[in-house]
Amino acid sequence: MATRKISTLSMAAKISVFAIAYDRQEPVYQAGELVKGHLNMEVLDEIAVRGVTVLFTGGAYCHWTEQVTRGTGDSRRTETRHYKSHEGYFTQKIDFPLDNKDHKITPGRYTHNFSYTLPQNLPSSYEGLLGKIRFQATARCEIIDGRDKVVSRPFTVIAHKDLNQIEGLSSPEQREKQKTLCCLCCESGPIQVVFRMEKTGYVPGEAIPLNAEITNNSNRTVFRSKAGLKQCVTYRAQGHVKRRSWTMADVEKPEIEPGGSCIWTDQMQVPSIPPTNDKEDCSIIDIRYELEFKIVPSGLATCLEMSVPLVIGTIPLQGMFFPYTPGTATATVPPVSIPPLTSKDTPGAEAATQAATNNVNNAIVHQPTSTTSLPDGIPPPSYAECVGLLPEEKEDNEKPKAEEKDGKKEKDSKKLKKKEKDSDKSRRTSEDVTYSPRYAFYDWNYSIDHADGVL
């Protein structure tokens, strides 16, 4: 047995380099686009193999557990139920020919080129602890009398969502609400709020104008008012549903004294997040957004809350793009009208492109992927890594400190289990574990001198 173990380790050590490289610095692709790259191998000593392959896979997966209590009295017991679901989009295997018939690879450096055309109508990539929509290439060297060498490298797929094709997003929205606070036998005046939005469709990097009026006619102090962009994810498996929500960005205002008022003329930038994903895009993972406005009164009273559903896309509304300017009130940031951009293959295109660039305040115009699916009049975005950690690690719950500690222990336990599970897959690289997708992001304050790079 000892000799066998030493032989296995020796075989694995004979391949010093085994890595996947894509044809672009940031592996971001659109549905229907050609994915190209190569597999780099460096073999230190002759090794016998059954074959070398690259497997392209794409699919959605979700999994969660729930505690269910059954029985009564002494027969009472708690069991853990698992809910899993999978939705496959494609699987394509590419075999690389070997140089000789005895299936031996001699020492040296090898480069195996590969390409694969993605199917149409794919959902955007998404990564979470309860579920994911992942696309990746997995290379495998099947070693005879040894452990296979395996490496996986995910890539991002962007399903473009054109906000101009969705009805009603350019219409303004207004919400009004009031709350009367009671204290024993005494009833004070109401807290009133009027919240206005210019539109309900935005893209990452854009500013959401926050316009509101709060009047505190109560005899209590309003502790704070807060606007937050919430991501709401719905998972479906085996006839069951799991819903989670998180605050992806927020803006707060300080307290309001009794009889006082507060006027909101602020802005909040949409971070790098996946576009809205409907059930039609992926049947087991929905991603939706809403802007929540919350007023927190002091003392024992519930919050006054209201929300407006939003659609996050990848192509902004024509003539209604609000560039984000840090430290500037929304009243001074008018919407930008984006002039049409002509194709680079047509006469005068270069001058038209430069004029358009000047008019959009030096927006990033670098696009690492094909722009054939982007309509005229839209400057292509850059791509930025998804904000923060995995969404499930930032669950939006206001808990007491004791409960927060318990929640942290539970999350740490889940992370530990996941780490242990991943450690068993020792043939995988860290690229597979720590992958974070990159999404379209419009940065209108980025200098045009840096437009050759990506975020």
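Okay, so let's go over this structure. (Residues numbered from 1 in each chain as written. Predicted model: local features only at pLDDT ≥ 70, side-chain atom pairs only at ≥ 80, totals over all residues. Heavy atoms only, no water.)

Turning next to the pairing of strand 16 (residues 240-253). Sheet topology note: the strand 15 (residues 222-237)/strand 16 ladder contains 13 bridges and is antiparallel. Bridging from a neighbouring strand, Thr234 pairs with Arg243 of strand 16. Hairpin connection, strand 15 to strand 16: the antiparallel pair is bridged by two residues, and Gln238 has positive phi, about 50°. (Pairing = 2+ DSSP bridges. Helix = DSSP H or I, 4+ residues; strand = E, 2+ residues; numbered from the N terminus.)

What follows covers the packing of aromatic side chains. Per the stated rule, a full pass over the model turns up 15 aromatic pairs. Centroid distance Phe195 to Phe293: 4.9 Å. Interplanar angle 25°. Geometry classified as stacked. Here Phe195 is found in strand 12 (residues 186-197), whereas its partner Phe293 is found in strand 18 (residues 285-297), with 98 residues between them in sequence. Taken together, the ring pairs connect Tyr22, Tyr29, Phe56, Tyr89, Phe90, Phe114, Tyr116, Phe135 and Phe155 into an aromatic cluster. Its guanidinium or amino end placed over the ring of Tyr202, Lys199 lies 4.8 Å from that ring's centre, counting from NZ or CZ. Lying across the ring of Trp264, Lys253 places its NZ or CZ 5.8 Å from the centre. (Phe/Tyr/Trp six-rings, centres within 6.5 Å; stacked < 30°, edge-to-face > 60°. Lys NZ or Arg CZ within 6 Å of the ring centre and 35° of its normal.)

Below, the discussion takes up the sheet that holds strand 19 (residues 304-312). Ordered by their spatial adjacency, five strands build an open sheet running 13-19-18-15-16, and the pairing between neighbours is mixed. Every other strand in the sheet has two partners, leaving strand 13 (201-202) and strand 16 as the edge strands with one partner each. Both strand 15 and strand 18 contribute to a ladder of 13 bridges, which runs antiparallel. Its bridge partner being in strand 18, Lys230 is matched across the sheet by Glu290.

Strand pairing within a sheet occurs via backbone hydrogen bonds; the two strands may be parallel or antiparallel. The strand order across the open sheet built from three strands is 1-3-7, with neighbouring strands paired in antiparallel fashion. Bordering the open sheet on either side are strand 1 (15-22) and strand 7 (108-117), each of which pairs with just one other strand. In this sheet, adjacent strand axes meet at a mean angle of 15° when their direction is disregarded. Taken together, the seven bridges between strand 1 and strand 3 (residues 34-43) define a ladder with antiparallel strand orientation. Across the sheet, Phe18 pairs through a bridge with Met41, a residue of strand 3. (Axes fitted to C-alpha atoms, helices over the stretch in contact; angles between N-to-C directions.)

Turning our eyes to something else, we now look at the side chain of Arg24. With respect to the helices and strands, the residue Arg24 is situated in the loop between strand 1 and strand 2 (28-30). A distance of 3.2 Å separates polar atoms of two side chains, one belonging to Arg24 and the other to Glu33. (Polar contact = N/O pair within 3.5 Å; in protein donor to acceptor, adjacent residues only side chain to side chain.)

Turning next to the pairing of strand 10 (residues 149-158). Most of strand 10 is tucked away: nine of the 10 residues are buried. One ladder, built from seven bridges, connects strand 9 (residues 131-143) with strand 10; its direction is antiparallel. Opposite Arg140, over in strand 10, you have Val150 as the bridge partner. Between strand 9 and strand 10, which pair antiparallel one after the other, the connecting turn spans five residues, and Asp145 there sits at a positive phi close to 60°. (Buried < 20%, exposed > 50% of the residue type's maximum accessible area, 1.4 Å probe, protein only.)

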